[in-house]
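# Results of the structural survey
Each chain, written out:
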Amino acid sequence: MTVSLRGLSTAVPATQLVQTDVQEVFGSQPGLSRLAQRIVSTSFGLSGIERRYTVLEELTLDGPPAEDPAFYDRASGLLLDPGTRLRNDVYAEHASRLYVEAGGAAIAAVPGIEAADVTHVITVSCTGFYAPGPDFVIARDLGLRAGVQRYHLGFMGCYASMPALRLATQLCQADPEAVVLVVSVELCTLHLRTSNDPDTIVATSLFGDGAGAGIVTARELEPGERGFALDAFATRTTPQGEGAMAWRIGDHGFEMVLSNAVPSLIGEHVTGAIEPLLESEPPLVDALRDGAVGGAIDHWAIHPGGRSILDHVESTLALSESQLVPARETLRDFGNMSSATVLFVLDRILRDPGAADGDRVAAMAFGPGLTVESALLTVRG
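In this text, all values refer to a predicted model and were calculated from it rather than measured experimentally.

## Regarding the overall build of the chain
Secondary structure assignment for the chain yields 12 helices and 15 strands. Taken over 381 residues, the chain has a buried fraction of 58%. In the chain, the proportion of contacts linking residues at least 24 apart, taken out of those at least 6 apart, comes to 76%. When the accessible surface of the chain is summed, it comes to about 15,000 Å², and 50% of that surface belongs to carbon and sulfur atoms.

Shown next as structure tokens:
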């Protein structure tokens, strides 16, 4: 039985943030030390990002300023510091819309499957909480069956879409008639803030908002349809780095710890982390050990946690520049959208005319732990 990921769909809010404009705003905040100003310039300038998206319309530099701003006062140029409750209230409002938009698009993109066919919903997010949650909202607003089973994977971080896809695959293996809707929504910009802390500055230079969704099922693809066979999954934590990446709830939003040691830690341990993924196919393990895995696996959907992370993965695994194009272009056009980002990269690979039926794909995402979640896929159709 082959379980496939179908109907990959993505969505972003309407408000676009141009990276150079955001850099100017963050770099001009009062109270920044000279060192912090230099870090802002370096982090934003070398991020590999040109634009990001946000649900916060008041962050735009176009049109009339907000009458009662909560996050950014354009008249004074000051970034404001709302409490966690307000940030989370904004999350609940805007995330609900994106969950329904992305989930509905995924269902509509799969021929032969309708909302009434969905048996399970898995929602993913680490940037906000509310209950009844997004799984409930999706079931209600998309008109899913009354007995649809719902699961939410919360606060896991940037790698969470991978265990969501693994759980969906396991559900389909247990029930060949299952149709699982997976939706990730992350509104990272709700938690950006001015600071002299280098980790916080790096986070402000990277994160954006977005949503990704797909259908996981053992049902056969329709003629002309494209998708991914979900072949294998693996999870590993690195021996060091537990404190290098963390995500905590503070009084003024969620607080990201993102050490500048993360890229080198990932580069140091990525080979060992991906080896268990390939163990069921000895030729791929041999290629990894021989430094030739880039030629053995056609496409690489690497979570673009940052430009330096992609550089270290490319160098360590001896991947070609072209194999990192989907990840680098996703970073350029959307920034790091936490758990949703790898779905954007997979979508870009699937839409590439150069991705042929039978091509192998390795996907990887990284998060607190340091945790490396990976998947092996095959292009179908």
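## Points about the pattern of salt bridges
Per the counting criterion, the structure on display carries 18 salt bridges. Between Arg-87 and Asp-81 there is a salt bridge, and its shortest N-O distance comes to 3.0 Å. Assessed through its relative accessible area of 0%, Arg-87 is described here as buried. We classify Asp-81 as partly exposed; its relative accessible area is 43%. Here Arg-348 makes a salt bridge to Glu-329, at a shortest N to O gap of 3.1 Å.

## Comments concerning the environment of Val-372
If you trace the backbone, Val-372 turns up in strand S15 (residues 371–380). Placed 213 residues apart in sequence, Val-372 and Tyr-159 show a C-alpha to C-alpha distance of 7.3 Å. Not counting residues up to four positions away in its chain, the partners in contact with Val-372 are Ala-234, Thr-235, Arg-236, Thr-238, Ala-273, Met-364, Ala-365 and Phe-366.

## Overview of the layout of surface pockets
Counted as a void, the largest pocket has a volume near 490 Å³. As for the largest pocket, its lining consists of 21 residues, of which Ser-43, Val-202, Asn-260, Pro-263 and Ser-308 are closest to the centre. Residue assignment for the lining of the largest pocket shows that the elements contributing at least two residues are helix H2 (34–45), helix H6 (198–206), helix H7 (262–278) and helix H10 (307–316). Among the elements that line the lining of the largest pocket, the one with the most residues is H6, at five residues. Its residues placed into classes, the lining of the largest pocket shows nine nonpolar, nine polar and three charged.

## A short note on the packing of H7 against helix H8 (residues 282–289)
At a minimum axis distance of 9 Å, the contact between H7 and H8 shows a crossing angle of 165°. When the axis of H7 is compared with that of H8, the two are roughly antiparallel. H8 is crossed by H7, and the crossing has left-handed handedness. Two secondary-structure elements touch here, H7 through Thr-271, Ile-274, Glu-275 and Leu-278 and H8 through Pro-282, Leu-284, Val-285, Leu-288 and Arg-289.

## Brief notes about the packing of aromatic side chains
All told, the structure shown has nine aromatic pairs when counted by the stated rule. Aromatic pair Phe-155 and Trp-247: ring centres 6.4 Å apart, planes at 25°, arrangement stacked. Here Trp-247 lies in strand S11 (residues 245–250) and Phe-155 lies in the loop between strand S7 (149–154) and helix H5 (161–174), a separation of 92 residues in the sequence. Overall, the relative accessible area of 15% leaves Trp-247 in the buried class.

## Re unusual backbone geometry
In this structure, the amide linkage connecting Ala-131 to the following residue, Pro-132, adopts the cis form with an omega of 0°. For Pro-132, the position within the fold is in the loop between strand S6 (120–125) and helix H4 (134–141). At the junction of Gly-369 and Leu-370, the peptide bond is cis and its omega measures out at -20° in the coordinates. Residue placement: Leu-370 occurs in the loop between strand S14 (360–367) and S15. In this structure, Phe-155 takes a positive phi of about 65° despite not being glycine. Classification of Phe-155 by relative accessible area gives partly exposed; the value is 27%.

## Quick look at the environment of Ser-259
For Ser-259, the position within the fold is in the loop between strand S12 (253–258) and H7. Residues Ser-259 and Arg-140, 119 residues apart in the sequence, show an inter-C-alpha distance of 40 Å. Dropping the residues within four chain positions of it, Ser-259 is found in contact with Asp-199 and Ala-244.

Here is what the cut-offs are and how they apply
Residues numbered from 1 in each chain as written. Predicted model: local features only at pLDDT ≥ 70, side-chain atom pairs only at ≥ 80, totals over all residues. Heavy atoms only, no water. Helix = DSSP H or I, 4+ residues; strand = E, 2+ residues; numbered from the N terminus. Buried < 20%, exposed > 50% of the residue type's maximum accessible area, 1.4 Å probe, protein only. Contact = heavy atoms within 4.5 Å. Areas by Shrake-Rupley, 256 points an atom, 1.4 Å probe, with all protein chains shown as cover. Salt bridge = Lys/Arg side-chain N within 4 Å of Asp/Glu carboxyl O. 1 Å grid on protein atoms, 1.4 Å probe; cavity = no way out; pocket = protein on both sides within 12 Å on 5 of 7 lines; lining within 4 Å. Points joined across faces, edges and corners; volume = space filled by probe spheres on them. Nonpolar A, V, L, I, M, F, W, Y, C, P; charged D, E, K, R; others polar. Axes fitted to C-alpha atoms, helices over the stretch in contact; angles between N-to-C directions. Parallel < 35°, antiparallel > 145°, perpendicular 65-115°, else oblique. Left-handed = near helix turned anticlockwise from the far one by under 90°. Phe/Tyr/Trp six-rings, centres within 6.5 Å; stacked < 30°, edge-to-face > 60°.

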